[in-house]
Amino acid sequence: MSWAFLFRGSSRTLQNGEVGPLSSKLWKFGISAWLSVHLVAILITPNRATYLGEKLRPILEPYAHFFELATPWGFFAPDPGPPMRLEYESVSSSGETLGHDYWPPAEVPWRSVALTHFVIKHEKMPVGDVARFLCSKSRSAQNIRIWKVVYGMPDLLEVQAGRAKLGFDQVLKRTFMGEVSCAASGEAG
Amino acid sequence: MNALKSWNQFWFESFAPRNWYWLRFAMCSLMVGTYTARHLYLEEFFSVTRGLPISDPSAFATMSYRWSVMQWLSSEAAISGLHFAFVVGLVLLALGVWARVLSILVFVLHVSFVHANIGAVYGVDLLFIFFLFYFCIGNERSKKNTPGGWLSSVAFRLAQIQLCIVYAYSGLEKLKGVTWWKGESLWNVLANPQLSRFDFTWVSQFPLLLVISVYLTLFWEIYFAALIWNPKMRRVTLLFGVGFHLSIALLMNLFWFGAFMVTTYVLFLKAEEIQWFENKLKSLFGDRVFQTVFVAHRA
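Residues numbered from 1 in each chain as written. Chains lettered and ligands numbered in written order. Predicted model: local features only at pLDDT ≥ 70, side-chain atom pairs only at ≥ 80, totals over all residues. Heavy atoms only, no water.

Student: Now, about the overall build of chain B: what can you tell me, with residues and values included?
Tutor: A count of helical and extended segments in chain B gives 14 helices and 0 strands. In chain B, the succession of α and β elements from N to C terminus is α-α-α-α-α-α-α-α-α-α-α-α-α-α. For a compact globule of 299 residues, the expected C-alpha radius of gyration is about 19 Å, and chain B comes in at 21 Å, within 12% of that figure. Projected onto its principal axes, the C-alpha positions of chain B cover 55 × 55 × 45 Å. The burial tally for chain B puts 54% of its 299 residues in the buried class. Excluding contacts between residues fewer than 6 apart, the proportion of contacts in chain B whose partners are at least 24 apart in sequence is 75%. For chain B, the accessible surface area stands at approximately 13400 Å², while carbon and sulfur atoms represent 68% of it. Across chain B, 23 positive and 15 negative side-chain charges occur, with their mean positions spaced 11 Å apart. (Helix = DSSP H or I, 4+ residues; strand = E, 2+ residues; numbered from the N terminus. Rg over C-alpha atoms; globule rule 2.2 N^0.38 Å. Buried < 20%, exposed > 50% of the residue type's maximum accessible area, 1.4 Å probe, protein only. Contact = heavy atoms within 4.5 Å. Areas by Shrake-Rupley, 256 points an atom, 1.4 Å probe, with all protein chains shown as cover. Lys, Arg positive; Asp, Glu negative; His and termini not counted. Charge placed at Lys NZ, Arg CZ, Asp CG, Glu CD.)

Student: Mind laying out the sheet that holds strand E4 (residues 171-181) of chain A, listing which residues take part and the relevant values?
Tutor: Within a sheet, neighbouring strands are paired by backbone hydrogen bonds and run either parallel or antiparallel to one another. Residues and elements named next belong to chain A. Judged by pairing direction, the sheet is antiparallel, and its 4 strands sit side by side in the order E2-E1-E3-E4 without closing on themselves. Two strands bound the open sheet, and with one partner strand each, they are strand E2 (97-103) and E4. Direction aside, neighbouring strands of the sheet carry axes that sit 20° apart on average. In this sheet, E4 lies alongside strand E3 (residues 143-151) in antiparallel orientation, the contact comprising 9 bridges. Bridge pairing in E4 places Arg145 opposite Glu179. With respect to the sheet, helix H4 (residues 110-121) is in contact with strand E1 (84-91), E2 and E3, its orientation differing from that of E1 by roughly 85°. Seen against the sheet, helix H5 (residues 127-135) touches E1, E2, E3 and E4 and runs at an angle of roughly 110° to E3. (Pairing = 2+ DSSP bridges. Axes fitted to C-alpha atoms, helices over the stretch in contact; angles between N-to-C directions.)

Student: Describe the packing of aromatic side chains, naming the residues involved and giving the relevant values.
Tutor: Ring pairs (aromatic) are described by centroid distance and by the angle formed between their planes. All names here are of chain A. Taken as a whole, this structure holds 48 aromatic pairs over all chains when the rule is applied. Taking the centre distance of 5.1 Å and the plane angle of 80° together, the rings of Trp103 and Phe133 count as edge-to-face. In this pair, Trp103 is assigned in strand E2 and Phe133 in helix H5, connecting sequence segments 30 residues apart. The exposure classification of Trp103 matches that of Phe133, with both residues buried. Above the face of the Tyr102 ring, Arg85 is positioned so that its terminal group lies 3.9 Å from the ring centre. The ring of Phe168 is capped by Arg85, whose NZ or CZ atom sits 3.8 Å from the centre of that ring. (Phe/Tyr/Trp six-rings, centres within 6.5 Å; stacked < 30°, edge-to-face > 60°. Lys NZ or Arg CZ within 6 Å of the ring centre and 35° of its normal.)

Student: Tell me about H5 of chain A, residues and numbers included.
Tutor: Within H5 of chain A, 8 of the 9 residues are buried, leaving the element largely enclosed by the surrounding structure. Among the residues making up H5 of chain A, those that are buried are Val127, Asp129, Val130, Ala131, Arg132, Phe133, Leu134 and Cys135 of chain A.

Student: Describe the nonpolar core, with residues and values.
Tutor: With 124 residues, the main nonpolar core has Trp20, Phe131 and Tyr134 of chain B as its most contacted residues. Top element by residues in this core is helix H7 (residues 147-174) of chain B. It accounts for 13 residues. (Core = buried A, V, L, I, M, F, W, Y, C linked by side-chain atoms within 4.5 Å.)

Student: Talk me through the pairing of E3 of chain A; I want residue IDs and the actual numbers.
Tutor: The two faces of a sheet get side chains in turn, since along a regular strand they alternate between them. All names here are of chain A. Across the 9 residues that make up E3, a large majority, 8, are buried. Relative to E3, E1 runs antiparallel, the two being bridged by 8 bridges. Counterpart to Arg85 in the pairing with E3 is Val149.

Student: Account for helix H2 (residues 21-44) of chain A, naming residues and giving values.
Tutor: Its 24 residues place the ends of H2 of chain A 34 Å apart at the C-alpha level, agreeing with the 34 Å of an ideal helix rising 1.5 Å per residue. Within the span of H2 of chain A, buried status applies to Ser23, Ser24, Lys28, Ile31, Ser32, Leu35, His38, Leu39, Ala41, Ile42 and Ile44 of chain A. (Expected span 1.5 Å × (residues − 1).)

Student: Give a detailed account of the pattern of salt bridges, specifying residues and quantitative values.
Tutor: Within the structure shown, the criterion is met by 18 salt bridges over all chains. In this structure, the salt-bridge partner of Arg24 of chain B is Glu140 of chain B, at a minimum N-O distance of 2.8 Å. One end of the pair, Arg24 of chain B, is in helix H2 (residues 17-39); the other, Glu140 of chain B, is in the loop between helix H6 (123-137) and H7, with 116 residues separating them in the sequence. Glu173 of chain B is paired through a salt bridge with Lys176 of chain B; the nearest N and O atoms lie 2.8 Å apart. When its relative accessible area of 57% is taken as the criterion, Lys176 of chain B is described as exposed. A single network of salt bridges, built from pairs that share partners, joins Glu54, Arg57 and Glu61 of chain A. (Salt bridge = Lys/Arg side-chain N within 4 Å of Asp/Glu carboxyl O.)

Student: Could you give me a rundown of the side chain of His245 of chain B, with the residues and numbers involved?
Tutor: Residue and element names in this part refer to chain B. Mapped onto the elements of the fold, His245 is located in helix H11 (residues 234-251). Judged by relative accessible area, His245 falls into the buried class, the value being 1%. Those residues in contact with His245, other than ones at most four positions away along the chain, are Tyr167, Trp220, Phe257, Gly258, Met261, Val262 and Tyr265.

As far as function goes, none of this settles anything; it's purely spatial.
Right under this line is the structure:
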């Protein structure tokens, strides 16, 4: 109530919902204060691993995370990166290989490819989560064997000369990630 | 005093309601498309038993202050129902129905789905967050010289500046990469079977074109923020962007991203250009349909 004098005679609604001059200044001051914080957040958070970013982290992190404004905007940066996917075998209880496939397949939307890349690229790939997902793709499997496969990009001049072609031909690195029981992952066949 | 006057003019007196309406219409329409497509694969992205949700997202990113209404949903049917409601909300928001309330609801749901599986998002989802946030603040029905009108003007300017920040960071981040410096990155994109829509073997016959395109992209992204405010360069900058993003949309598996980036250019169109566009729509659909569908819910 003690602050009411600030608005007296000024916050009265004028024509068409307009506000009085003092109230207008207070509104604009308030909006400008928030605007300054927001501008700092959207300018700094994409490059927050800096001295300034670290100093401002206690203020910016809650704000940027709450509204999910902490995006680095690195589309295809620093480099587009090679194709990569999961290779997997479904295995029966007797150890027989039931099937062999790759994830993601060629026809799925980009969102699925992006999700797989997100999981694969991480140095500690969550093998249990991946196994549970792949077990759901082959219901009769008791176990799943998983490899992470990174492909090489064919050299432009080699393709030009007809000595290389585009596709999943050049395996750069094939890493065995483990054999996981579908029962343990929650998806027994 | 001049600085205060300029601040006031730039932030509080610059709202373009018709640009705002069309940006929201175009963006929400694209969101309807991309999230209807996601609905078909919902299980993969959000099902705890059959999908690829990550059980410990904190191993991938800091999850503090990141929330999701989906933490209260336990059944697949509830997730599907919420996602369907989200898409319906987007349809209504595209048309401008209950825009003030729906902007907030749609923003809350969008962020919730992003936080529910942080691996299942890519560039376009993140861009949507920012613009939905600004739609919560600005509305084309707000009157001038009112708090709502000032906030709308601020939202409009922030959306413009956001686009500049996105391009500037995107260009500068690319400079860290060897393949961008060497002019090879476009080849690496087109030759990547997970990214490209077609077989681009024939492009290897035009290496110079690929290299020039890479350097043009870098130049344009880094300097977009400077070029777009220059009246003489505005059209060229936007036209290059349209060509660039439509190429991404058509040639790569990133249709929604490319299409969305083009729609954001509405923010930089002049009133007469919006008028020209509206006249074209009127002649295409007829005045009655135009008034009923596009104008009924806006001021």
